Amino acid sequence: MALATSEAHAGGTLRIAITAADVPTTTGMPNNGFEGFRFLGFPAFESLVHWDLSRSDRASDIIPGLAESWSQDPADLTKWTFKLRQGVKFHDGTDFNADAVVWNLARFYDPDSPQFDAQGSAATRARNPNVKSWRKVDDHTVEIVTDTPLSYFPYLIAYALMVSPAQFQKVGGTWEEFAKAPAGTGPFRIVEFKPRISATMERFDDYWNKASIAKLDRIVIYPMPEETTRLAALRSGQVDWIEMPPTDAIPSLKEAGFEIVTHSYPHVWPWEFNIKKPDSPFRDKRVRVAANYCIDRDSIVTFLNGTVEPAVGFFNRSHPLFGNPTERYTYDPDKARRLLTSAGYGPDKRVKAKVLISTAGSGQRTPLPMNELLQQTLSGCGFDLEFEVVDFGSLLVALRSDPTGPQAMGSDAMNMSLVTSDISMVARWFWSANFAPNGSNWGNWKNDEFDRVLEQIQRSTDQELIREKSARLHEILVDDAPWLWVVHDLAPRAMSKKVKGFVPVQAWFQDFTKITIDE
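Residues numbered from 1 in each chain as written. Predicted model: local features only at pLDDT ≥ 70, side-chain atom pairs only at ≥ 80, totals over all residues. Heavy atoms only, no water.

(A) The overall build of the protein, seen in detail. In terms of regular secondary structure, the protein is built from 17 helices and 22 strands. Against the compact-globule benchmark of 24 Å for 519 residues, the protein has a radius of gyration of 23 Å, which places it among compact chains. Counting only C-alpha atoms and orienting by the principal axes, one finds that the protein spans roughly 80 × 60 × 40 Å. Partitioning the intrachain contacts of the protein with sequence separation of at least 6 by distance along the chain shows that 70% fall at a separation of at least 24. When the accessible surface of the protein is totalled, it reaches about 20000 Å², and 49% of it is carbon and sulfur. Counting 56 positive and 66 negative side-chain charges, the protein places the averaged centre of each group 1 Å from the other. (Helix = DSSP H or I, 4+ residues; strand = E, 2+ residues; numbered from the N terminus. Rg over C-alpha atoms; globule rule 2.2 N^0.38 Å. Contact = heavy atoms within 4.5 Å. Areas by Shrake-Rupley, 256 points an atom, 1.4 Å probe, with all protein chains shown as cover. Lys, Arg positive; Asp, Glu negative; His and termini not counted. Charge placed at Lys NZ, Arg CZ, Asp CG, Glu CD.)

Below, the structure is given as structure tokens:
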């Protein structure tokens with residue numbers, strides 16, 4: 001019987017080259033942005049809430065995960081009750097239960113707990129700073145209280161991954177040792193971790209969701225930040241799949257028989273303007289709007305071989321929450337110059353600004369040539385831009401730090417691609433209560449109407465009102481232009497024809513359980 005089961009699941013080994021410079025952390029809170037979550041987050045670790053990765057014909061939404069259901073207390077909108085799934089085992093064989101949930105929440109939110117994880121806490125608090133308290137109700141029920149009513153709280157808790165408390169104790173009670181032998185509840189378990197070289201995951205046959213037992217035997221993840229290195233690895237057969245192939249190599253890859261996969265997903269590639277810096281020219285709305293009228297988005301689409309689409313807002317133009325903003329950004333240098341003139345700039349007084357950019361990173365595409373293209377275009381309208389170039393890790397640290405602190409290096413804007421999946425992300429990046437460094441509103445942008453409308457959404461349980469108000473929020477974002485809207489990525493991947501069963505979904509994360517490899 002054991003042999004028959006093994007043969008039934010013999011799906012081979014999938015080898016993937018990712019864009020990160022190092023293997024994402026394996027502690028159950030991966031670094032390297034959502035690329036880290038995509039490969040060493042959700043495949044091995046899970047949260048109370050999952051993303052539905054089963055369909056490609058619509059944007060992914062949340063579904064029950066380690067919690068079978070959740071509810072909001074109508075008498076106190078800050079209280080949420082999560083009913084936990086029973087029969088779930090961690091990879092070390094111990095039970096997932098309410099004790100494990102409260103232990104993991106203390107890991108992220110209680111600096112006095114023995115299991116406090118400073119690095120994991122920083123990432124989790126940046127995504128979800130509103131957890132105030134938590135308690136075990138019974139073995140299969142937990143209550144979580146937020147510091148303010150948040151109608152979208154289930155979207156935020158999706159990023160608090162659960163790990164085995166018993167395994168943490170078994171390896172000596174440190175996150176350094178846990179990273180070498182981690183235990184989550186996901187369909188794959190991490191069995192080998194080589195810093196800067198690779199991470200190997202194997203199928204977890206005791207996974208609780210029997211319909212999603214992985215077909216693959218194992219997945220090996222290789223960090224390869226240089227796109228030419230990833231390309232060579234794919235062509236030579238070292239790997240089966242690469243993230244972000246060089247766009248100029250896509251035609252020849254197709255001719256050579258490789259599959260090129262692209263799809264829409266909730267992503268935007270912007271510049272985040274620094275509003276807090278006292279001498280930032282982007283404190284003036286007219287300068288921000290002028291910049292948005294002075295970039296040729298179509299030229300970037302062409303430069304990237306059609307693997308992106310123009311962005312004229314946080315959501316793409318076809319999104320149901322796009323709304324009806326006043327500003328309809330096109331490439332209009334004359335309008336941009338008129339706006340700059342009204343703001344006091346001209347041929348003898350050009351706009352001078354510094355932009356913090358990275359060499360690579362999760363969702364960053366090819367940031368150096370893309371930013372150089374923007375620099376050239378904006379120069380024609382009166383912008384003199386210089387770049388401060390850092391690695392992606394340093395850019396992430398800057399994103400979570402004060403925009404006038406040393407991490408920002410005196411920049412007036414930052415180029416960090418970010419998530420646009422739902423209204424919780426709108427609040428994360430733009431709510432004034434989320435000013436960095438306590439939250440993720442890096443530029444410290446504030447708009448009073450935006451805050452008022454967002455508060456109505458946060459306190460509402462009326463889904464139609466939430467939808468209507470969310471569209472209004474987006475109209476404000478487009479018109480007030482806290483960011484330079486550049487492009488939405490289409491997530492190009494190149495893979496060998498040996499890869500079977502991959503269905504790209506409209507999310508930052510993907511389901512690897514249905515994939516097989518012809519070997």
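(B) Molecular detail of the state of the cysteines. On inspection of all chains with the given rule, the structure shows one disulfide. The disulfide that involves Cys294 links it to Cys381, with 1.9 Å between the sulfurs. As the torsion about the S-S bond is roughly 95°, the Cys294-Cys381 disulfide counts as right-handed. A residue pair is termed long-range when its members are at least 10 positions apart, and Cys294 in the loop between helix H10 (285-293) and helix H11 (297-303) and Cys381 in the loop between helix H13 (367-379) and strand E16 (383-390) qualify at 87 residues. Just as Cys294 is buried, Cys381 falls in that class too. (Disulfide = S-S within 2.5 Å. Buried < 20%, exposed > 50% of the residue type's maximum accessible area, 1.4 Å probe, protein only.)

(C) The arrangement of helix H8 (residues 227-236) in detail. Taken residue by residue, H8 has Arg230, Leu231, Ala233 and Leu234 as its buried positions. Along the long axis of H8, the arc covered by the buried residues comes to 160°, so they all point the same way. Exposed positions of H8 whose direction lies more than 90 degrees from the buried face are Thr228 and Ser236. One or two steps after H8, the chain reaches Gly237, where phi turns positive at roughly 85°. (Arc of directions from axis to C-beta.)

(D) Fine view of unusual backbone geometry. Residue Pro437 follows Ala436 across a cis peptide bond; omega there is 15°. Looking at the element boundaries, Pro437 is found in the loop between helix H15 (423-430) and helix H16 (448-458). One non-glycine residue, Asn305, lies in positive phi territory at about 60°. Mapped onto the fold, Asn305 is located in the loop between H11 and strand E14 (308-310). At Ala491, a position not held by glycine, the phi torsion is positive, near 50°. Of note, Ala491 is situated in the loop between strand E19 (483-489) and strand E20 (493-495). Classification of Ala491 as buried rests on a relative accessible area of 5%.

(E) Expanded view of the packing of aromatic side chains. Applying the stated criterion to the full structure yields 36 aromatic pairs. Seen in terms of ring centroids, Phe39 and Phe512 are 5.6 Å apart; in terms of plane orientation they differ by 40°. Their pairing is tilted. Placement of Phe39 in helix H2 (residues 33-40) and of Phe512 in the loop between strand E21 (499-500) and strand E22 (516-517) is noted, with a sequence separation of 473 residues between them. Taken individually, Phe39 and Phe512 each receive the classification buried, so the pair is uniform in this respect. Here the aromatic rings of Tyr293 and Tyr329 are separated by 4.9 Å at their centres, their planes lie at 65°, and the arrangement is edge-to-face. One end of the pair, Tyr293, is in helix H10; the other, Tyr329, is in the loop between E14 and helix H12 (333-342), and 36 residues separate them in sequence. Each member of the aromatic cluster is reached from another via a ring pair, and the members are Phe34, Phe37, Phe42, Tyr159, Tyr265, Trp508 and Phe509. One residue, Arg107, lies across the ring of Trp175, its end atom 4.1 Å from the ring centre. (Phe/Tyr/Trp six-rings, centres within 6.5 Å; stacked < 30°, edge-to-face > 60°. Lys NZ or Arg CZ within 6 Å of the ring centre and 35° of its normal.)

(F) Structural detail: the side chain of Arg297. With respect to the helices and strands, Arg297 occurs in helix H11. An unpaired buried charge is present at Arg297: no salt bridge exists, and Asp296, the closest side chain of opposite charge, is 7.6 Å distant. A distance of 2.9 Å separates a polar atom in the side chain of Arg297 from the backbone oxygen of Trp485. Excluding anything up to four places from it in sequence, Arg297 contacts Asn292, Pro310, Ala311, Val312, Tyr329, Thr330, Trp485 and Val486. (Salt bridge = Lys/Arg side-chain N within 4 Å of Asp/Glu carboxyl O. Polar contact = N/O pair within 3.5 Å; in protein donor to acceptor, adjacent residues only side chain to side chain.)

(G) Empty space enclosed by the protein, seen in detail. Here the structure, examined in full by the defined rule, presents four cavities of 30 Å³ or more. Considering only enclosed or pocket space, the largest cavity measures out at about 160 Å³ in volume. Along the wall of the largest cavity there are 15 residues; nearest its centre are Gly33, Phe34, Leu396, Ser417 and Leu418. Taken together, the elements giving at least two residues each to the lining of the largest cavity come down to H2, helix H14 (392-399), strand E18 (418-419) and H15. With three residues, H14 is the largest single contributor of residues to the lining of the largest cavity. (1 Å grid on protein atoms, 1.4 Å probe; cavity = no way out; pocket = protein on both sides within 12 Å on 5 of 7 lines; lining within 4 Å. Points joined across faces, edges and corners; volume = space filled by probe spheres on them.)

(H) Broad picture of the pattern of salt bridges. By the definition in use, this model includes 34 salt bridges. Between Asp117 and Arg107 there is a salt bridge, and its shortest N-O distance comes to 2.7 Å. Pair noted here: Asp117 is in the loop between helix H3 (98-109) and helix H4 (118-127) and Arg107 is in helix H3, with a separation of 10 residues, a long-range link. The class of Arg107 is buried, set by a relative accessible area of 0%. Glu388 is the salt-bridge partner of Lys354, the closest N and O atoms lying 3.2 Å from each other. Linking Lys354 in strand E15 (residues 351-358) with Glu388 in strand E16, this pair joins segments that are 34 residues apart in sequence. Classification of Lys354 by relative accessible area gives buried; the value is 17%.

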